[in-house]
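# Architecture and fold: a report
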Amino acid sequence: MDWEQLLSLKRQGDTHKRLRKEQNETRLGFEVDYDRIIFSSAFRSLQDKTQVVPMPISVGSKKAFVHTRLTHSLEVSVVGRSLGRVAGQRILAKNPYLTEIHGYQFNDFGAIVAAAALAHDIGNPPFGHSGEKSIGNFFAQGNGKAFKSYLKENQYQDLVDFEGNANGFKLLTESKEGIPGGLRLSYGTLGAFMKYPKGSLPKKPSKHIADKKFGFFQSEKDIFLEVVEEIGLVKNPSHPDIGFYRHPLTYLVEAADDICYTIIDFEDGINLGLIPEEYALEYLINLVKDNINTKKYNAIASSSDRLSYLRALAINTLISDAVEVFDKHSDDIMGGGFASALLDKGKYQAQIDDIIKLSVEKVYQSQEVIDKELAGYRIISDILDIYTTALFNIKNGKGTNYDKLLIKSLPENYTNTDASVYKILLDTSCYVASLSDSAAVHLHNKLMGKEF
């Protein structure tokens, strides 16, 4: 792969090449990407989507407003910006022509990673990590399974393995009436956003990190290929059809997410009393013991302030570690041969594994989280069942008055019954995915006749 291509400033619909040297230094193209994401309605809805623990929540005498998808995404973007800037300095030192000939600066790398990191969860459904599984389960084992015979194999796979990353790519690139090209982000940023540059089939054809999930629905195949061609991703030989190795900066986006959810979810668990403070502080100290200022730490009186100090130090420690791994394996990363996440090859892998294991036991499997996921499964399944049945009936000329009333409650751009069965089902799934937690609960109550 070539950095000049990977850092493409092209946007969907462009008829001329955008050159870095011609950019307005007060508001670079990659910074415009960040602005467009943060002002989008899809991003705003993350403020009412669960990260892990429902919000707000009380556990015993503890009460806290824990991280939502929005606060998590903002923090990931901040960590991503730091990762991109530090890595960018090293990339430019190895490739001085990028600055001398093209005008790229280390801040460009930080801006790309920050924008891609800001959007990394933009396609995720409500109700936390179970949201995607809830949609997939409806088509794999619920009433949605009846639609299988109307779909091609890869179309059906898009639904049974409904993927927030693919939905995010759809949100960022999908043209709507009067709005061609979606948010029209630069292809460099879109490339960094694509953690899994492949379709839903074949499923996990290799152990390479790029094959873990998928990054586009069949409906976005053409724009996906356009982006891939522009930025010059390397073809993944494990795919007989469409599959590529990652944009190198994607590893930094992933590292930013991994750092934040590892440390911040853990911190939420501590603040809620799900994880004992003294136990948790010991875990964090094990992570930062090579960098901690013991005198400063012991001088902090409040346990919450000690936790904040350790959290900041842990994040900084992992940023440095991730950049070292990125730099050390840069040749493999550029060639597509680096098959794992950066933190999996870092010096703190054992400590991270310990923290995640404790978070799984005490936070992710807590009764509060399980109750939220159970409710989410039922709510999402019911909404999908009601709307897909009504849309399908109308498409086949069998719509009842009730079906027609139901369709009137959908946003206009989700009511096209002349579209293919695949598009109807996918669009309905994406509509449900766009709902915030409280909006999904409110809609479910209305559809069930529990409120007006």
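Here's what I pulled together on the structure shown here.

How each quantity is defined
- Residues numbered from 1 in each chain as written.
- Predicted model: local features only at pLDDT ≥ 70, side-chain atom pairs only at ≥ 80, totals over all residues.
- Heavy atoms only, no water.
- Axes fitted to C-alpha atoms, helices over the stretch in contact; angles between N-to-C directions.
- Helix = DSSP H or I, 4+ residues; strand = E, 2+ residues; numbered from the N terminus.
- Parallel < 35°, antiparallel > 145°, perpendicular 65-115°, else oblique.
- Left-handed = near helix turned anticlockwise from the far one by under 90°.
- Contact = heavy atoms within 4.5 Å.
- Nonpolar A, V, L, I, M, F, W, Y, C, P; charged D, E, K, R; others polar.
- Phe/Tyr/Trp six-rings, centres within 6.5 Å; stacked < 30°, edge-to-face > 60°.
- Buried < 20%, exposed > 50% of the residue type's maximum accessible area, 1.4 Å probe, protein only.
- Lys NZ or Arg CZ within 6 Å of the ring centre and 35° of its normal.
- 1 Å grid on protein atoms, 1.4 Å probe; cavity = no way out; pocket = protein on both sides within 12 Å on 5 of 7 lines; lining within 4 Å.
- Points joined across faces, edges and corners; volume = space filled by probe spheres on them.
- Arc of directions from axis to C-beta.
- Salt bridge = Lys/Arg side-chain N within 4 Å of Asp/Glu carboxyl O.

## Concerning the packing of helix H13 (residues 277-288) against helix H17 (residues 349-364)
Two elements in contact, H13 and H17, have axes whose closest approach is 9 Å; the angle formed by their N-to-C orientations is 160°. Between H13 and H17, the angle is such that the two are roughly antiparallel. The way H13 lies across H17 gives a crossing that is left-handed. Along its contact with H13, which presents Tyr279, Tyr283, Leu284, Asn286 and Leu287, the element H17 presents Gln351, Asp354, Ile355 and Leu358. Of the residues in the contact of H13 with H17, the class split is 6 nonpolar, 2 polar and 1 charged.

## Description of the packing of aromatic side chains
On inspection of all chains with the given rule, the structure shows 14 aromatic pairs. Here Phe138 and Phe139 contribute two aromatic rings whose centre-to-centre distance is 5.0 Å and whose plane-to-plane angle is 80°, an arrangement assigned as edge-to-face. Arranged with centres 5.2 Å apart and planes meeting at 75°, the rings of Phe147 and Phe392 form a pair that is edge-to-face. Of this pair, Phe147 sits in the loop between helix H7 (130-140) and helix H8 (153-160) while Phe392 sits in helix H18 (residues 367-395), placing them 245 residues apart in sequence. Its relative accessible area of 7% is what places Phe147 among the buried residues. Residue Phe392 is classed as buried on the basis of its relative accessible area, which comes to 17%. The rings of Phe169, Phe216, Phe224 and Phe244 are connected pair by pair, giving a single aromatic cluster. A cation over a ring is seen here: Lys235 above Phe244, with NZ or CZ 5.8 Å from the ring centre. Over the aromatic face of Tyr251 sits the side chain of Arg246, whose NZ or CZ is 5.0 Å from the ring centroid.

## Remarks on empty space enclosed by the protein
Summed over the entire model, instances satisfying the criterion amount to 3 cavities of 30 Å³ or more. In this structure, the largest cavity occupies an estimated 60 Å³ of space. For the lining of the largest cavity, the element with the most residues is helix H20 (residues 421-434), which contributes 4 residues. Taken together, the residues that form the lining of the largest cavity break down as 4 nonpolar, 4 polar and 2 charged.

## A closer look at helix H2 (residues 29-38)
Within the sequence span of H2, burial applies to Gly29, Phe30, Val32, Asp33 and Ile37. When H2 is viewed along its axis, its buried side chains cluster within an angular range of 150° and face the same direction. The inward-facing, buried residues of H2 contact helix H3 (41-44), helix H6 (106-118) and helix H10 (187-193).

## Notes on the pattern of salt bridges
Within the structure shown, the criterion is met by 20 salt bridges. Where Arg20 meets Glu25, a salt bridge forms, and the shortest distance between an N and an O atom there is 2.8 Å. The shortest N-O distance in the salt bridge between Arg311 and Glu267 comes to 3.0 Å. Here Arg311, found in helix H15 (residues 303-328), pairs with Glu267, found in helix H12 (residues 250-271); they are 44 residues apart in sequence, far enough to count as distant. With a relative accessible area of 25%, Arg311 lands in the partly exposed category. Accessibility expressed as a relative area gives 8% for Glu267, which makes it buried. One connected set of salt bridges, linked through shared partners, spans Lys170, Glu174, Glu220, Lys423 and Asp427.

## Some thoughts on the environment of Lys145
By secondary structure assignment, the location of Lys145 is in the loop between H7 and H8. Using a relative accessible area of 48% as the deciding quantity, one classes Lys145 as partly exposed. Linking Lys145 and Val160, residues 15 residues apart in sequence, is a C-alpha distance of 8.8 Å. Beyond its immediate sequence surroundings of up to four residues, Lys145 is in contact with Phe138, Phe139, Ala140 and Tyr156.

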